[in-house]
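Examining the three-dimensional arrangement
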Amino acid sequence: NHNSLELSERIGRPLAVAITLYNLAEIRSDYGEYQEARRLLKESLKVSRRLGDRVGKIHVFGEMGRIYCRLGAWAQARRLLAAALREAAASGEALLEANCRVTAAEALAHLGDYPAGHRELDRALEYFRCSGHPVEEASALSRWAWVAWQKGEQAPALAMARAAFR
């Protein structure tokens, strides 16, 4: 990906630069390198804003929110995910909006706001089911099961896990 970034910069393809920075950030985040991931996301966000790339901004806000979730910084995660959700709803990108809702639901649950988390999750699941996205539905259910398990709610967690892997 570093070669892709250098090539994109050399040939003047700013959207490719933003995407490459985002992809590098996801990789760094997966390896637990959150500071570097946040730095790359901020660079990607600068390019996306300069280009007026709403979808790029949504992805960056969502990934930043996920990083804050991983760090246990739920209030910051909630703020970023709310921004991602507002942008996604305004963009008309329904799948992107539904995925933002799943991550927002996770953050809300960790903040102790289960009713709001369930509402977001239910809206996302409804979209996934109605539009034929079984992989996203299973992923959402398994993530929510993990949250319920961490909160000590084993019976609902097991029911959701079974539903995710049916």
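Residues numbered from 1 in each chain as written. Predicted model: local features only at pLDDT ≥ 70, side-chain atom pairs only at ≥ 80, totals over all residues. Heavy atoms only, no water.

Here we look at the side chain of E120
Going by this rule: Helical segments are the DSSP runs of H or I of at least four residues, strand segments are the runs of E of at least two, and each set is numbered from the N terminus. Between two residues, a contact is recorded if the distance between any of their heavy atoms is within 4.5 Å.
Considering the arrangement of structural elements, one finds E120 in helix 7 (residues 114-130). Setting aside residues up to four positions removed in sequence, E120 forms contacts with L85, R101, A105 and L108.

Some details on the environment of T103
We count it as follows: Polar contact is defined as a pair of N or O atoms within 3.5 Å, subject to the rule that within protein one atom must be able to donate a hydrogen and the other to accept it, and that residues adjacent in sequence are counted only when both atoms are side-chain atoms.
Structurally, T103 is set in helix 6 (residues 94-110). In the structure, T103 is positioned 37 residues away from R66 in sequence and 7.1 Å away in space, judged by C-alpha atoms. Among all residues touching T103, those that are not within four sequence positions of it are R66, L81 and R143. Side chain to side chain, T103 and R143 meet in a polar contact 3.1 Å long.

Here we look at the packing of aromatic side chains
So the rule is basically this: For Phe, Tyr and Trp, rings pair up if their centres lie within 6.5 Å, where Trp contributes its six-membered ring, and each pair is then called stacked (planes under 30 degrees apart), edge-to-face (over 60) or tilted (otherwise). Only protein chains enter the accessibility calculation, which uses a 1.4 Å probe. A residue is then buried if its area is under 20% of the maximum for its type, exposed if over 50%, and partly exposed in between.
Under the definition given, this model contains two aromatic pairs. Ring geometry for Y114 and W144: centres 6.2 Å apart, planes at 90°, overall edge-to-face. Within this pair, whereas Y114 is found in helix 7, its partner W144 is found in helix 8 (residues 134-150), the two being separated by 30 residues in sequence. Accessibility assignment for this pair places Y114 and W144 in one class, buried.

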